[in-house]
Amino acid sequence: MPPDPATQLLADLVRIPSQNPMGRLDVGPAQGYLEGGLTDFLESWLCDRDIECHRRTISQGRTNLIARVEPPASQHTILFDVHQDTVPVDGMTIDPFAALIENGRLYGRGACDVKGSMAAMLLAVERLARERPRGAAAVMLALTVDEEYTHTGSSALAESLPQLGAPIDLALVAEPTRFEIITTHKGAVRWAIEAAGRACHSSTPYLGDNAIYRMARVVTALEAHAASLAASAPDPVLGAPSLSIGRIQGGVAANIVPESCRIEIDRRVLPGESPESARAQATDALRLALDTDQFSQLTIEPPWVQMPALRSTVPTQVLSALADVIESITHQRPGTGGVPFGTDAGPLGQAGVPCIVFGPGDIAQAHTCDEWIDLSQVAAAVEVYYDLARKLPTYL
(Lines give C-alpha, C1' and ligand atoms only; values in the text may rest on other atoms or scores of the structure.)
Protein backbone atom coordinates (compact mmCIF):
# COMPACT_ATOMS: atom_id res chain seq x y z
CA MET A 1 0.00 0.00 0.00
CA PRO A 2 1.56 3.35 -1.02
CA PRO A 3 2.07 5.94 1.72
CA ASP A 4 -0.43 8.77 2.17
CA PRO A 5 0.44 12.12 0.51
CA ALA A 6 1.73 13.72 3.72
CA THR A 7 4.05 10.83 4.48
CA GLN A 8 5.30 10.65 0.88
CA LEU A 9 5.99 14.38 0.69
CA LEU A 10 7.73 14.41 4.07
CA ALA A 11 9.94 11.50 2.98
CA ASP A 12 10.86 13.39 -0.18
CA LEU A 13 11.78 16.46 1.85
CA VAL A 14 13.89 14.55 4.38
CA ARG A 15 15.84 12.81 1.60
CA ILE A 16 17.11 16.19 0.38
CA PRO A 17 19.93 17.44 2.65
CA SER A 18 19.59 21.07 3.71
CA GLN A 19 22.04 21.33 6.59
CA ASN A 20 22.93 24.75 7.94
CA PRO A 21 26.73 25.22 8.02
CA MET A 22 26.35 27.00 11.36
CA GLY A 23 29.21 29.36 10.50
CA ARG A 24 31.54 26.79 8.91
CA LEU A 25 33.23 28.03 5.74
CA ASP A 26 34.72 24.71 4.58
CA VAL A 27 31.45 23.02 3.55
CA GLY A 28 28.86 23.54 0.83
CA PRO A 29 26.25 21.83 -1.32
CA ALA A 30 28.60 18.97 -2.25
CA GLN A 31 28.67 17.95 1.42
CA GLY A 32 24.90 18.30 1.89
CA TYR A 33 24.99 21.83 3.27
CA LEU A 34 22.88 24.89 2.37
CA GLU A 35 19.29 24.84 1.18
CA GLY A 36 19.73 25.09 -2.61
CA GLY A 37 18.70 21.53 -3.49
CA LEU A 38 15.61 21.73 -1.33
CA THR A 39 14.71 25.17 -2.71
CA ASP A 40 14.82 23.80 -6.26
CA PHE A 41 12.57 20.89 -5.27
CA LEU A 42 10.07 23.18 -3.55
CA GLU A 43 9.94 25.59 -6.47
CA SER A 44 9.29 22.73 -8.89
CA TRP A 45 6.66 21.22 -6.61
CA LEU A 46 4.76 24.50 -6.36
CA CYS A 47 5.05 25.34 -10.07
CA ASP A 48 3.78 21.87 -11.02
CA ARG A 49 0.61 22.77 -9.12
CA ASP A 50 0.27 26.22 -10.73
CA ILE A 51 0.92 27.96 -7.42
CA GLU A 52 2.49 31.41 -7.83
CA CYS A 53 6.04 31.29 -6.52
CA HIS A 54 8.95 33.75 -6.41
CA ARG A 55 12.60 33.48 -5.37
CA ARG A 56 14.28 36.04 -3.14
CA THR A 57 18.04 35.53 -2.85
CA ILE A 58 19.38 36.03 0.67
CA SER A 59 23.01 35.01 0.11
CA GLN A 60 24.98 32.72 -2.18
CA GLY A 61 23.22 29.35 -2.32
CA ARG A 62 20.41 30.49 -0.02
CA THR A 63 17.03 31.63 -1.34
CA ASN A 64 13.69 32.33 0.29
CA LEU A 65 10.69 31.10 -1.67
CA ILE A 66 7.45 33.07 -1.46
CA ALA A 67 4.23 31.49 -2.72
CA ARG A 68 0.72 32.92 -2.61
CA VAL A 69 -2.79 31.52 -2.91
CA GLU A 70 -5.77 33.86 -2.94
CA PRO A 71 -9.27 32.31 -2.83
CA PRO A 72 -12.21 34.34 -4.17
CA ALA A 73 -13.64 37.10 -1.96
CA SER A 74 -10.65 36.89 0.36
CA GLN A 75 -10.45 39.78 2.82
CA HIS A 76 -7.50 38.76 4.99
CA THR A 77 -3.98 37.40 4.57
CA ILE A 78 -2.30 34.76 6.72
CA LEU A 79 1.42 34.07 6.50
CA PHE A 80 2.60 30.47 6.77
CA ASP A 81 6.31 30.61 7.68
CA VAL A 82 8.49 27.48 7.69
CA HIS A 83 12.28 27.24 7.44
CA GLN A 84 14.12 25.09 4.92
CA ASP A 85 17.33 24.43 6.85
CA THR A 86 18.17 21.78 9.42
CA VAL A 87 21.00 21.46 11.89
CA PRO A 88 23.96 19.31 10.78
CA VAL A 89 23.90 15.51 11.03
CA ASP A 90 27.01 15.10 13.21
CA GLY A 91 26.51 12.43 15.85
CA MET A 92 23.39 10.90 14.34
CA THR A 93 22.96 7.17 14.93
CA ILE A 94 20.59 6.61 11.99
CA ASP A 95 20.87 7.31 8.28
CA PRO A 96 19.87 11.00 8.35
CA PHE A 97 18.43 11.03 4.83
CA ALA A 98 16.86 7.57 4.47
CA ALA A 99 13.43 8.72 5.71
CA LEU A 100 12.88 5.38 7.44
CA ILE A 101 9.25 4.73 8.37
CA GLU A 102 8.67 2.51 11.39
CA ASN A 103 5.89 2.18 13.97
CA GLY A 104 4.04 5.27 12.75
CA ARG A 105 7.15 7.46 12.83
CA LEU A 106 9.36 8.89 10.11
CA TYR A 107 13.03 9.15 11.03
CA GLY A 108 15.62 11.54 9.60
CA ARG A 109 17.29 14.91 9.99
CA GLY A 110 14.67 17.63 9.82
CA ALA A 111 11.71 15.25 10.10
CA CYS A 112 10.64 16.99 13.29
CA ASP A 113 12.36 20.36 12.89
CA VAL A 114 10.59 21.30 10.67
CA LYS A 115 9.97 19.32 7.51
CA GLY A 116 6.90 17.71 9.05
CA SER A 117 5.32 21.15 9.31
CA MET A 118 6.61 22.01 5.84
CA ALA A 119 4.90 19.00 4.27
CA ALA A 120 1.66 19.87 6.06
CA MET A 121 1.75 23.52 5.02
CA LEU A 122 2.51 22.64 1.41
CA LEU A 123 -0.40 20.21 1.19
CA ALA A 124 -2.76 22.67 2.89
CA VAL A 125 -1.76 25.40 0.41
CA GLU A 126 -2.16 22.95 -2.48
CA ARG A 127 -5.69 22.14 -1.32
CA LEU A 128 -6.54 25.84 -0.97
CA ALA A 129 -5.28 26.45 -4.51
CA ARG A 130 -7.31 23.53 -5.84
CA GLU A 131 -10.60 24.05 -3.97
CA ARG A 132 -10.49 27.87 -3.65
CA PRO A 133 -13.03 28.10 -0.80
CA ARG A 134 -14.83 31.42 -1.05
CA GLY A 135 -14.00 33.88 1.72
CA ALA A 136 -11.01 31.93 3.01
CA ALA A 137 -7.88 33.86 3.88
CA ALA A 138 -5.26 34.46 1.26
CA VAL A 139 -2.17 32.52 2.28
CA MET A 140 1.39 33.69 1.75
CA LEU A 141 3.72 30.73 2.18
CA ALA A 142 7.28 31.75 3.12
CA LEU A 143 9.89 29.00 2.88
CA THR A 144 12.83 30.70 4.57
CA VAL A 145 16.53 29.94 4.93
CA ASP A 146 19.06 30.05 7.77
CA GLU A 147 16.70 29.82 10.73
CA GLU A 148 19.00 27.54 12.69
CA TYR A 149 21.94 29.96 12.86
CA THR A 150 21.44 33.64 12.09
CA HIS A 151 17.80 33.98 10.91
CA THR A 152 18.84 35.91 7.80
CA GLY A 153 15.90 34.47 5.87
CA SER A 154 13.18 35.59 8.28
CA SER A 155 14.89 38.95 8.87
CA ALA A 156 14.89 39.60 5.11
CA LEU A 157 11.28 38.44 4.90
CA ALA A 158 10.25 40.84 7.65
CA GLU A 159 11.96 43.75 5.88
CA SER A 160 10.35 42.90 2.53
CA LEU A 161 6.76 42.42 3.69
CA PRO A 162 5.63 45.94 2.65
CA GLN A 163 6.62 45.10 -0.95
CA LEU A 164 4.90 41.71 -1.00
CA GLY A 165 1.29 42.85 -1.21
CA ALA A 166 -1.53 43.04 1.32
CA PRO A 167 -0.62 43.49 4.99
CA ILE A 168 -0.34 40.29 7.03
CA ASP A 169 -3.18 39.84 9.52
CA LEU A 170 -1.61 36.82 11.21
CA ALA A 171 1.59 34.77 10.90
CA LEU A 172 1.65 31.07 11.74
CA VAL A 173 5.29 30.15 12.31
CA ALA A 174 6.07 26.43 12.15
CA GLU A 175 7.97 24.77 14.99
CA PRO A 176 7.43 21.39 16.68
CA THR A 177 5.17 22.29 19.61
CA ARG A 178 2.79 19.26 19.66
CA PHE A 179 0.15 21.78 18.50
CA GLU A 180 0.58 23.83 21.69
CA ILE A 181 0.05 27.52 20.86
CA ILE A 182 3.20 29.54 21.57
CA THR A 183 2.63 33.26 22.02
CA THR A 184 5.95 34.26 23.57
CA HIS A 185 9.56 33.19 23.45
CA LYS A 186 13.03 34.38 24.33
CA GLY A 187 15.36 36.03 21.85
CA ALA A 188 19.12 35.71 21.65
CA VAL A 189 22.33 37.59 20.99
CA ARG A 190 25.59 35.75 20.32
CA TRP A 191 29.04 37.25 20.09
CA ALA A 192 32.71 36.45 20.72
CA ILE A 193 35.43 37.97 22.88
CA GLU A 194 39.14 37.52 22.20
CA ALA A 195 41.89 38.08 24.76
CA ALA A 196 45.33 39.04 23.49
CA GLY A 197 48.59 37.83 25.01
CA ARG A 198 52.21 37.29 23.99
CA ALA A 199 53.63 33.91 22.99
CA CYS A 200 56.88 32.46 24.31
CA HIS A 201 58.43 29.11 25.25
CA SER A 202 56.64 27.50 28.16
CA SER A 203 59.95 26.92 29.99
CA THR A 204 60.15 30.70 30.49
CA PRO A 205 56.49 31.73 30.85
CA TYR A 206 57.45 35.01 32.55
CA LEU A 207 58.71 36.24 29.18
CA GLY A 208 55.23 36.00 27.69
CA ASP A 209 51.70 36.95 28.55
CA ASN A 210 49.28 34.04 28.84
CA ALA A 211 46.05 34.90 27.01
CA ILE A 212 44.25 31.94 28.60
CA TYR A 213 44.96 33.37 32.04
CA ARG A 214 43.51 36.68 30.87
CA MET A 215 40.45 34.91 29.51
CA ALA A 216 40.02 32.99 32.77
CA ARG A 217 39.32 36.30 34.50
CA VAL A 218 36.77 37.15 31.79
CA VAL A 219 35.06 33.79 32.21
CA THR A 220 34.86 34.26 35.99
CA ALA A 221 33.37 37.73 35.56
CA LEU A 222 30.80 36.49 33.05
CA GLU A 223 29.90 33.59 35.33
CA ALA A 224 29.10 36.12 38.05
CA HIS A 225 27.08 38.19 35.58
CA ALA A 226 25.15 35.05 34.54
CA ALA A 227 24.35 34.37 38.19
CA SER A 228 23.01 37.90 38.62
CA LEU A 229 20.80 37.46 35.55
CA ALA A 230 19.45 34.17 36.90
CA ALA A 231 18.54 35.96 40.15
CA SER A 232 16.85 38.90 38.40
CA ALA A 233 13.09 39.45 38.16
CA PRO A 234 11.72 36.69 35.93
CA ASP A 235 9.21 36.94 33.11
CA PRO A 236 5.98 35.28 34.35
CA VAL A 237 6.02 32.79 31.46
CA LEU A 238 9.64 32.55 30.29
CA GLY A 239 11.53 32.92 33.55
CA ALA A 240 14.79 34.82 33.92
CA PRO A 241 17.22 35.88 31.19
CA SER A 242 20.37 33.79 30.88
CA LEU A 243 23.96 33.91 29.69
CA SER A 244 26.18 30.98 28.77
CA ILE A 245 29.70 30.60 27.40
CA GLY A 246 29.40 27.82 24.85
CA ARG A 247 32.85 27.62 23.28
CA ILE A 248 36.47 28.42 24.15
CA GLN A 249 39.56 28.22 21.95
CA GLY A 250 43.14 29.11 22.78
CA GLY A 251 46.74 28.10 22.42
CA VAL A 252 48.75 26.08 19.93
CA ALA A 253 50.56 23.49 22.06
CA ALA A 254 51.24 22.72 25.70
CA ASN A 255 54.80 24.04 25.48
CA ILE A 256 53.87 27.43 24.03
CA VAL A 257 52.44 30.23 26.14
CA PRO A 258 49.26 31.19 24.22
CA GLU A 259 49.03 34.57 22.52
CA SER A 260 45.27 34.49 22.08
CA CYS A 261 42.12 32.97 23.54
CA ARG A 262 38.55 33.27 22.25
CA ILE A 263 35.16 32.54 23.75
CA GLU A 264 31.67 32.53 22.24
CA ILE A 265 28.72 33.74 24.30
CA ASP A 266 24.99 33.11 24.12
CA ARG A 267 22.68 35.54 25.92
CA ARG A 268 18.93 34.81 25.94
CA VAL A 269 16.80 37.94 26.08
CA LEU A 270 13.27 38.48 27.37
CA PRO A 271 10.47 40.49 25.75
CA GLY A 272 11.21 44.09 26.62
CA GLU A 273 14.98 43.56 26.42
CA SER A 274 16.91 44.20 23.23
CA PRO A 275 19.83 42.09 22.02
CA GLU A 276 21.93 45.25 21.85
CA SER A 277 21.25 46.27 25.45
CA ALA A 278 21.84 42.71 26.70
CA ARG A 279 25.28 42.63 25.09
CA ALA A 280 26.10 46.10 26.42
CA GLN A 281 25.08 44.95 29.91
CA ALA A 282 27.58 42.08 29.75
CA THR A 283 30.31 44.44 28.51
CA ASP A 284 29.62 46.80 31.43
CA ALA A 285 29.88 43.86 33.84
CA LEU A 286 33.33 43.04 32.43
CA ARG A 287 34.46 46.65 32.61
CA LEU A 288 33.55 46.75 36.32
CA ALA A 289 35.11 43.37 37.15
CA LEU A 290 38.45 43.84 35.34
CA ASP A 291 41.15 46.43 35.74
CA THR A 292 41.86 48.84 32.91
CA ASP A 293 44.79 46.84 31.51
CA GLN A 294 42.86 43.57 31.55
CA PHE A 295 39.85 45.10 29.80
CA SER A 296 41.98 46.92 27.22
CA GLN A 297 43.46 43.60 26.02
CA LEU A 298 40.01 42.32 25.01
CA THR A 299 38.46 42.50 21.56
CA ILE A 300 34.67 42.35 21.82
CA GLU A 301 33.50 41.28 18.40
CA PRO A 302 30.20 42.34 16.76
CA PRO A 303 27.34 39.86 17.28
CA TRP A 304 26.55 37.35 14.55
CA VAL A 305 23.06 36.70 15.96
CA GLN A 306 20.61 39.33 17.16
CA MET A 307 17.26 37.57 17.50
CA PRO A 308 14.37 39.56 19.03
CA ALA A 309 12.16 37.97 21.64
CA LEU A 310 8.46 37.49 20.90
CA ARG A 311 5.45 38.73 22.81
CA SER A 312 2.41 38.02 20.68
CA THR A 313 -0.17 40.71 19.96
CA VAL A 314 -2.73 38.20 18.65
CA PRO A 315 -6.21 38.94 20.11
CA THR A 316 -7.76 36.48 22.55
CA GLN A 317 -10.62 35.63 20.20
CA VAL A 318 -8.17 34.55 17.50
CA LEU A 319 -6.26 32.36 19.95
CA SER A 320 -9.52 30.78 21.06
CA ALA A 321 -10.61 30.14 17.46
CA LEU A 322 -7.21 28.61 16.70
CA ALA A 323 -7.55 26.31 19.70
CA ASP A 324 -11.06 25.33 18.54
CA VAL A 325 -9.76 24.31 15.12
CA ILE A 326 -6.90 22.28 16.59
CA GLU A 327 -9.19 20.57 19.09
CA SER A 328 -11.74 19.69 16.39
CA ILE A 329 -9.07 17.75 14.50
CA THR A 330 -6.76 16.36 17.21
CA HIS A 331 -9.49 15.93 19.86
CA GLN A 332 -7.25 17.61 22.41
CA ARG A 333 -7.47 21.20 23.59
CA PRO A 334 -4.05 22.84 23.10
CA GLY A 335 -2.51 24.95 25.80
CA THR A 336 -1.07 28.43 25.32
CA GLY A 337 2.35 29.38 26.58
CA GLY A 338 5.98 30.19 25.86
CA VAL A 339 9.28 28.51 25.00
CA PRO A 340 12.88 29.40 25.82
CA PHE A 341 14.17 29.06 22.24
CA GLY A 342 13.93 31.59 19.41
CA THR A 343 12.03 31.25 16.13
CA ASP A 344 11.36 33.09 12.87
CA ALA A 345 8.54 34.83 14.75
CA GLY A 346 11.11 37.09 16.43
CA PRO A 347 11.92 39.27 13.39
CA LEU A 348 8.34 39.08 12.11
CA GLY A 349 6.92 40.17 15.45
CA GLN A 350 9.44 43.01 15.67
CA ALA A 351 8.16 44.15 12.25
CA GLY A 352 4.65 44.43 13.69
CA VAL A 353 3.17 41.16 12.43
CA PRO A 354 0.91 39.33 14.94
CA CYS A 355 2.59 35.92 15.31
CA ILE A 356 1.75 32.50 16.69
CA VAL A 357 4.21 29.59 16.79
CA PHE A 358 2.91 26.05 16.54
CA GLY A 359 3.13 22.81 14.60
CA PRO A 360 3.27 19.03 14.73
CA GLY A 361 6.06 17.15 16.44
CA ASP A 362 7.80 17.50 19.79
CA ILE A 363 10.82 19.75 20.34
CA ALA A 364 12.27 16.92 22.45
CA GLN A 365 12.93 15.04 19.18
CA ALA A 366 14.47 18.03 17.35
CA HIS A 367 18.25 18.01 16.72
CA THR A 368 18.58 14.51 18.21
CA CYS A 369 20.72 11.56 17.11
CA ASP A 370 17.62 9.70 15.85
CA GLU A 371 15.27 12.56 15.02
CA TRP A 372 11.71 11.49 14.21
CA ILE A 373 8.12 12.71 14.01
CA ASP A 374 4.78 11.04 14.63
CA LEU A 375 3.14 10.74 11.19
CA SER A 376 -0.36 11.01 12.63
CA GLN A 377 0.51 14.53 13.78
CA VAL A 378 1.72 15.47 10.30
CA ALA A 379 -1.55 14.23 8.76
CA ALA A 380 -3.54 16.17 11.35
CA ALA A 381 -1.49 19.31 10.67
CA VAL A 382 -2.57 19.33 7.02
CA GLU A 383 -6.20 19.58 8.14
CA VAL A 384 -5.38 22.13 10.85
CA TYR A 385 -3.56 24.53 8.50
CA TYR A 386 -6.28 24.21 5.85
CA ASP A 387 -9.11 24.80 8.33
CA LEU A 388 -7.32 27.79 9.86
CA ALA A 389 -7.21 29.47 6.44
CA ARG A 390 -10.94 28.86 6.04
CA LYS A 391 -12.17 29.70 9.54
CA LEU A 392 -9.88 32.35 11.04
CA PRO A 393 -10.97 35.23 8.76
CA THR A 394 -14.18 35.48 10.82
CA TYR A 395 -12.07 36.45 13.83
CA LEU A 396 -9.40 38.63 12.21
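Just above sits the structure.
Overview of the structure. For clarity, every value in this text was computed on a predicted model and none was experimentally measured.

## With respect to helix 6 (residues 275–289)
Here helix 6 is 15 residues long and its end C-alpha atoms lie 22 Å apart, about the 21 Å a rise of 1.5 Å per residue gives. Within helix 6 the residues assigned to the buried category are Pro275, Ala278, Arg279, Ala282, Thr283 and Leu286. Burial along helix 6 is one-sided: seen end-on, the buried residues are contained in an arc of 140°.

## A look at the sheet that holds strand 5 (residues 105–107)
Taken in spatial order, the three strands of this open sheet run 4-5-19, and their pairing is antiparallel. With partners counted over all chains shown, the strands left at the sheet margins are strand 4 (101–102) and strand 19 (372–374), one partner each. Pairing analysis gives three bridges linking strand 5 to strand 19, with the strands arranged antiparallel. Across the sheet, residue Leu106 finds its bridge partner in strand 19, namely Ile373.

## Description of the packing of aromatic side chains
Per the counting criterion, the structure on display carries three aromatic pairs. On the basis of an interplanar angle of 50° and a centroid distance of 5.5 Å, the ring pair of Phe80 and Tyr385 is categorised as tilted. You can see Phe80 sitting in strand 3 (residues 77–83) and its partner Tyr385 sitting in helix 10 (residues 375–391), a full 305 residues away along the chain. With a relative accessible area of 0%, Tyr385 lands in the buried category. When the ring of Tyr107 is compared with that of Trp372, the centres are 6.5 Å apart and the planes differ by 50°; the resulting orientation is tilted. Pair noted here: Tyr107 is in strand 5 and Trp372 is in strand 19, with a separation of 265 residues, a long-range link. The exposure class assigned to Tyr107 is buried, which follows from its relative accessible area of 13%. You can call Trp372 buried: its relative accessible area is 16%.

## With respect to the pattern of salt bridges
Taken as a whole and judged by the stated rule, the model has 26 salt bridges. The closest approach of N and O atoms between Asp12 and Arg15, which form a salt bridge, is 3.5 Å. For Asp12, a relative accessible area of 25% corresponds to the partly exposed category. The exposure class assigned to Arg15 is partly exposed, which follows from its relative accessible area of 42%. Where salt bridges share partners, they join Arg247, Arg262, Glu264 and Glu301 into one cluster.

## Observations regarding the pairing of strand 13 (residues 260–269)
Burial analysis of strand 13 places eight of its 10 residues in the buried class, the great majority of the element. In the sheet, strand 11 (residues 242–250) pairs with strand 13 via eight bridges, with the strands oriented antiparallel. When the sheet's bridge partners are listed, Ile248 is paired in strand 13 with Ile263.

## Some words on unusual backbone geometry
Note that the residue after Asp113, namely Val114, is joined by a cis bond; omega there is -5°. In this structure, Val114 sits in helix 3 (residues 111–131). Phi at Ala99 is positive, roughly 55°, even though this residue is not glycine. For Ala99, the position within the fold is in the loop between strand 3 and strand 4. Even without being a glycine, Arg178 presents a positive backbone phi close to 60°. Along the chain, Arg178 turns up in the loop between strand 7 (170–173) and strand 8 (181–185).

What counts as what
Residues numbered from 1 in each chain as written. Predicted model: local features only at pLDDT ≥ 70, side-chain atom pairs only at ≥ 80, totals over all residues. Heavy atoms only, no water. Helix = DSSP H or I, 4+ residues; strand = E, 2+ residues; numbered from the N terminus. Expected span 1.5 Å × (residues − 1). Buried < 20%, exposed > 50% of the residue type's maximum accessible area, 1.4 Å probe, protein only. Arc of directions from axis to C-beta. Pairing = 2+ DSSP bridges. Phe/Tyr/Trp six-rings, centres within 6.5 Å; stacked < 30°, edge-to-face > 60°. Salt bridge = Lys/Arg side-chain N within 4 Å of Asp/Glu carboxyl O.

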